[in-house]
Amino acid sequence: MNISSDTDSRNGYGNVFIHKACKNEAENSYGGQVMVSAMAIAQAVISGLLIGSLYSLISMGLALIWGVMDIVNFAHGDFMMVAGYLTCILFDYAGVDPLLSVPVAFAVTFVLGILTQRFVIDRVLEAPPVSQIFATFALLMIIRNTALLIWGPKPTTITGLWYAELVFRPYGLTLSLIHILIAVICMVTTAILYIFITRTYTGIALRATSQNRLAARLLGIDIRKMYLLAFGIGVGLTGIGGALLASFYYIFPEVGARFCMLSFMIVVLGGFGSLFGALVGGLAIGVLEELSALLVNPALKDAIAFGIFILILLFKPTGLFGGRET
Amino acid sequence: MSEALRKLKMELKGPLSLILLAVTGILITLPLLVRNPFLINTLMLSFLFGFAALAWNLMAGYTGLLSFGHAVFFGIGAYTTMILLLWWRITPWIGMLAAGVTAGLVGFVIGIPFTRLRSHWFALGTLALGEVVQIIFINWRAVGGARGLETPIMPQCLYWLNFVDPTVHYYVIMGLLGVELFILYLIVNGRIGYYLQAIREDETAAMALGINPFKYKLISITISAFLTGIAGGFYTARFGYVDPFSVFGMMYISINISIIGILGGIYSLIGPLIGALVFVPAAEYTRAYIGSHFGARFYGIHLVAFGIILLAVCFIVPDGIMGWVERRGYIRAILGHGEEGVGGGE
Amino acid sequence: MASKSLLSVRGLTKKFGGLVAVNNVSFDVRDGEFLGLIGPNGAGKTTTFNLICGFLKPDSGRIVFMGKDITGKPPHEVAKAGIGRTFQIVRPFLNFTVLDNVVAAALMRADSVGEAREKALKHLEFVGLYDKRNWKAKSLNIAQRKRLELAKALALEPKLLLLDEAVAGLNPTEVDTLLELLKEIHSSGKTILMVEHVMRAVMSISQRIIVLHHGSIISEGTPKEVANDPKVIEAYLGARRVM
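These numbers come from a predicted model, not from an experiment. (Residues numbered from 1 in each chain as written. Chains lettered and ligands numbered in written order. Predicted model: local features only at pLDDT ≥ 70, side-chain atom pairs only at ≥ 80, totals over all residues. Heavy atoms only, no water.)

Participant: Describe in detail the overall build of chain C, supporting the description with residues and values.
Facilitator: Each helix and strand in chain C was counted, giving 9 helices and 10 strands. A compact globule built from 243 residues should have a C-alpha radius of gyration of about 18 Å, and chain C, at 18 Å, falls within 12% of that. Burial statistics for chain C: of 243 residues in total, 53% are counted as buried. Across chain C, the fraction of contacts at a sequence separation of at least 24, relative to all contacts at a separation of at least 6, is 65%. Separation of charge centres in chain C, based on 34 positive and 25 negative side chains, amounts to 4 Å. (Helix = DSSP H or I, 4+ residues; strand = E, 2+ residues; numbered from the N terminus. Rg over C-alpha atoms; globule rule 2.2 N^0.38 Å. Buried < 20%, exposed > 50% of the residue type's maximum accessible area, 1.4 Å probe, protein only. Contact = heavy atoms within 4.5 Å. Lys, Arg positive; Asp, Glu negative; His and termini not counted. Charge placed at Lys NZ, Arg CZ, Asp CG, Glu CD.)

Take a look at the structure:
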């Protein structure tokens, strides 16, 4: 009877990230029973920061799109999924290391983003919110189910990376090399982004557009190009996230859903349009997630995350750093 | 209320009543003429989703509150009916009513904080809420957890509303639909209808007219939740099995309902019903066709198609099928008299 | 003839960050009068307006209407108390018909939709939009929309009518037509407070004028008195010497 039961978001893959690369029993407490040591908490915080950098990246993309274009893109996570699959394919057929695929992932997703903006988003920018919401949701359905058609519902992942199991153990903590590399790439990307939007003309133009569209136009800035750029870069950032994700996690058609919700939450937390807020928010959520998996029933992890999201929406919709509400 | 009744009587005097009669006549006699359980089942399903979509549209189309979390009300209704049946042997007839009341209460409670959110945030918030509730029920072993609940072996009779054949359920949901349409008609043509739509059009201007947006949004949410809960209760009565993935499912319930609503046209009363009568049979038949001819490999192709249709609707006919029909003037031609009232002629 | 005070504003203050938009403003609106509120751009007219109507909350001060304290009350309660307002940029319900726009307003003073409809038709007739009652509001031009806005405010059956730049954007003929309408409304017994920028309009129709500048009242009196007040001239034109 189910019309689309396979595409329901199951909670089966909501495992703590750290489990795949690092088997540390201290993580597996179900709240109350095991005594949580300071070491375990420190571990959770470190892991949270590492994973949080990935969240930040994706959220900054969303914040950029939101800030410049004032549109909520429900399909944001699905571009990440596409990049993830692309990375897996490159690895399977060409042996390209996922971390090296990052620029490719960015480029491809960037182009996809520009096409999407040009042919879909542009048409509904002036439409009432109902149409905007449904249009991006339709996009979500198309992308996600096309992926389902092509690759099937079973998760795929990259195995056999020579450095997959490498871990460092400083001071009794466990840090996996992959996570560190991912965090480094995220930081580098963030730095590049920062330089771009503060030192280049285009980047400054982008910021100007996000602050005051009319004034930007009066200054001779081509708004349409800004939109294309913002969407392209914003989505490209998630593409990088997808490539990074493929290196240590599973890729399946629904994977975008979770990250999409998370990134929305982070952007709201950090204040819409604020890239810095998204950065900080991402790290914070990463830590929060690891801590709550440690201290509370992991199965409820997502529920807690969503619950916090709702609370933020209700009580502080302008976020920690944002100034502008809708 | 009397004004709305007066308007209804006036509209029924025209050719509309003949069409209504004809259509209702066909629908009523259909199971007797055509012995096709799949068709009856599909129509029953269409009515069910139409029922829920009509309820959803009171919020979305009339008040401007776009909800992607209506599965919450549906699921709570379904579980309420199931629990009353399973634990206390209470007939689904009462169970459905209880489902509505429970869902309505939940809607009221949720509505109090949620009415403060505006368009995008409201949609996002309801989306998140739907996920939270689903996760809670997946982990709530007392009500079945991930495995859900199943009705016990019951005799097939009207008291338990338990039949394998879909015919009785078909008639029941049709009857419920008729009642719901009547209730909604009275609401939207009365004071509440005016106020809700004013809020949708321009909340600030509405406030200047003495309309309390909080109060009326809350009314809208509560009624919508109540009706959706009844739909959930019916689901239990028909399928005899509830689990968090189906009744609280975002794709299966929440998104389905919204697609149906926007496809049919959110700015008209019967739009969502039309959307259901188009969408659900299409979904069921393509799924069956593709399933039997191509196997599971092509699962999802109809969802891609739906996505494309949704996109097309957003681009070309944002007010859905009914919006398109109305702009063509067919409605006015059929009805004969000039359409007065909200959204009326030029 | 001592006219009693319908609306009394005392010590009204509103700050936006460091900017003091309305600075300790006090005035009365007398029952039955036609009061004009003018001032150069940024003087705080619309802010004062929105403070009275409940769309903004004052930082300090009191607003008393017909003996009731309405300071800080939400807009719908202010409307119910008997104050009707129009908006500077008109806000019709675009997808409603003209008639339904007014019905939505008239419902506040009616027990049923039917009664509201009858009242609405009368108000439409008064402003001259009766023949367009089945048009969608979005088909109206700006002058017609302003009249629709007026009809909606009147349908609230207010004791005090607040007009926010009612004639802005209209050509001289349209301005005159609207002013005639306002005169009729006034003579039927309604008290009117009009915030206005178009000098010709407000000076010709008001009985009394209050002048705001930088958030404070700098002058008060009949139109003639205010027009000749050097402080007012200075506020609008800069230093006197320029002339």
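The discussion continues.
Participant: Outline helix 1 (residues 45-53) of chain C, listing residues and values.
Facilitator: Residues and elements named next belong to chain C. Burial within helix 1 is extensive, with 8 of its 9 residues counted as buried. What helix 1 keeps buried is the set K45, T47, T48, F49, N50, L51, I52 and C53. Once helix 1 finishes, G54 follows within two positions and takes phi at roughly 95°, a positive value.

Participant: Can you tell me about the sheet that holds strand 7 (residues 160-164) of chain C, naming the residues and giving the values?
Facilitator: All names here are of chain C. Taken in spatial order, the 6 strands make up an open sheet running 6-7-8-3-9-10, and their pairing is mixed. Edge positions in the sheet fall to strand 6 (83-85) and strand 10 (216-221), since each of these pairs with one other strand and no more. Going from strand to strand, the sheet's axes swing by 20° on average, the running direction of each strand aside. Here helix 6 (residues 172-187) sits on the sheet and contacts strand 3 (34-38), strand 7 and strand 8 (191-195); the angle it forms with strand 8, its principal contact strand, is near 145°. (Pairing = 2+ DSSP bridges. Axes fitted to C-alpha atoms, helices over the stretch in contact; angles between N-to-C directions.)

Participant: Report on the packing of aromatic side chains, specifying residues and quantitative values.
Facilitator: Evaluated as defined, the whole model comprises 29 aromatic pairs over all chains. Each ring, one from Y55 of chain A and one from F259 of chain A, has its centre 5.9 Å from the other, and the planes form 65°; the classification is edge-to-face. Of the two residues, Y55 of chain A is situated in helix 2 (residues 38-69) and F259 of chain A in helix 10 (residues 255-270); the sequence distance between them amounts to 204 residues. Among the residues examined, Y55 of chain A registers a relative accessible area of 2% and is labelled buried. Among the residues examined, F259 of chain A registers a relative accessible area of 2% and is labelled buried. Ring centres 5.9 Å apart and planes at 75° place the aromatic pair F74 of chain A and F68 of chain B in the edge-to-face group. Of the two residues, F74 of chain A sits in the loop between helix 2 and helix 3 (76-94) while F68 of chain B sits in the loop between helix 3 (37-63) and helix 4 (71-88), which places them in two different chains. Comparing F74 of chain A with F68 of chain B shows no difference in burial state: the two are buried. By way of ring pairs, the aromatic residues F74, F134, F137 and F264 of chain A together with F68 of chain B are connected into one cluster. A cation over a ring is seen here: R123 of chain A above F315 of chain B, with NZ or CZ 4.8 Å from the ring centre. (Phe/Tyr/Trp six-rings, centres within 6.5 Å; stacked < 30°, edge-to-face > 60°. Lys NZ or Arg CZ within 6 Å of the ring centre and 35° of its normal.)

Participant: Which residues make up the state of the cysteines, and what values go with them?
Facilitator: Note on terminology: disulfide describes a covalent bond linking the sulfur atoms of two cysteines. Residue and element names in this part refer to chain A. Tallied over the entire structure, the rule returns 0 disulfides over all chains. With no disulfide of its own, C186 lies closest to C88 among cysteine sulfurs, the gap being 17 Å. Given the relative accessible area of 2%, C186 is considered buried. (Disulfide = S-S within 2.5 Å.)

Participant: Outline the interface of chain A and chain B, listing residues and values.
Facilitator: Contact with chain A, which involves 52 residues of that partner, is made by 55 residues of chain B. Note on chain A versus chain B: buried area summed over both sides is about 5,100 Å², and carbon and sulfur give 75% of it. Scanning the region where chain A abuts chain B turns up 0 salt bridges. Inspection of the region where chain A meets chain B yields 1 residue pair in polar contact (both at pLDDT 80 or more). (Buried area = accessible area lost by both parts, 1.4 Å probe. Salt bridge = Lys/Arg side-chain N within 4 Å of Asp/Glu carboxyl O. Polar contact = N/O pair within 3.5 Å; in protein donor to acceptor, adjacent residues only side chain to side chain.)

Participant: Hey, could you go over the interface of chain B and chain C for me, with residue numbers and the actual values?
Facilitator: Taken together, the contact between chain B and chain C spans 28 residues of the former and 32 residues of the latter. Summing both partners gives a buried area of about 2,600 Å² for chain B against chain C, and 60% of it is carried by carbon and sulfur. Counting across the interface, chain B meets chain C through 1 salt bridge. A salt bridge links D202 of chain B to R91 of chain C; its shortest N-O distance comes to 2.8 Å. Taken together, the connections running from chain B to chain C amount to 9 residue pairs in polar contact (both at pLDDT 80 or more). Looking at the side of chain B that touches chain C, the elements that each hand over two or more residues are helix 8 (191-201) and helix 9 (203-208) of chain B. Sorting elements by how many residues they give to the side of chain B that touches chain C places helix 8 of chain B first, with 7 residues.

Participant: Could you give an account of unusual backbone geometry, naming the residues involved and the relevant values?
Facilitator: Here L161 of chain B, not a glycine, exhibits a phi torsion of approximately 50°, which is positive. In this structure, E157 of chain C takes a positive phi of about 50° despite not being glycine. Along the chain, E157 of chain C falls in the loop between helix 5 (142-155) and strand 7. Look at E157 of chain C and you get partly exposed, because its relative accessible area is 33%.

Participant: Which residues make up the packing of helix 2 of chain A against helix 10 of chain A, and what values go with them?
Facilitator: Residue and element names in this part refer to chain A. Between helix 2 and helix 10, the least distance of the axes is 9 Å, while the angle of their chain directions is 70°. As far as their axial angle goes, helix 10 and helix 2 are roughly perpendicular. Taken as a pair, helix 2 and helix 10 cross one another with a handedness that is right-handed. Of helix 10, the residues touching helix 2 (which contributes Y55, I58, S59, L62 and A63) are R258, F259, L262, S263, F264, I266 and V267. In the contact of helix 2 with helix 10, the residues fall into 9 nonpolar, 2 polar and 1 charged. (Parallel < 35°, antiparallel > 145°, perpendicular 65-115°, else oblique. Left-handed = near helix turned anticlockwise from the far one by under 90°. Nonpolar A, V, L, I, M, F, W, Y, C, P; charged D, E, K, R; others polar.)

Participant: Requested: an account of the sheet that holds strand 2 (residues 19-30) of chain C, with residues and values cited.
Facilitator: All names here are of chain C. Here 4 strands make up an open sheet; going across it, the order is 2-1-4-5 and the pairing antiparallel. On the outer flanks of this sheet lie strand 2 and strand 5 (68-69), each paired with one strand and no other. Sheet topology note: the strand 1 (residues 5-16)/strand 4 (residues 60-65) ladder contains 5 bridges and is antiparallel. Its bridge partner being in strand 4, V9 is matched across the sheet by I63. Packing of helix 1 onto the sheet brings it into contact with strand 1, strand 2 and strand 4, and relative to strand 1 it is tilted by some 115°.

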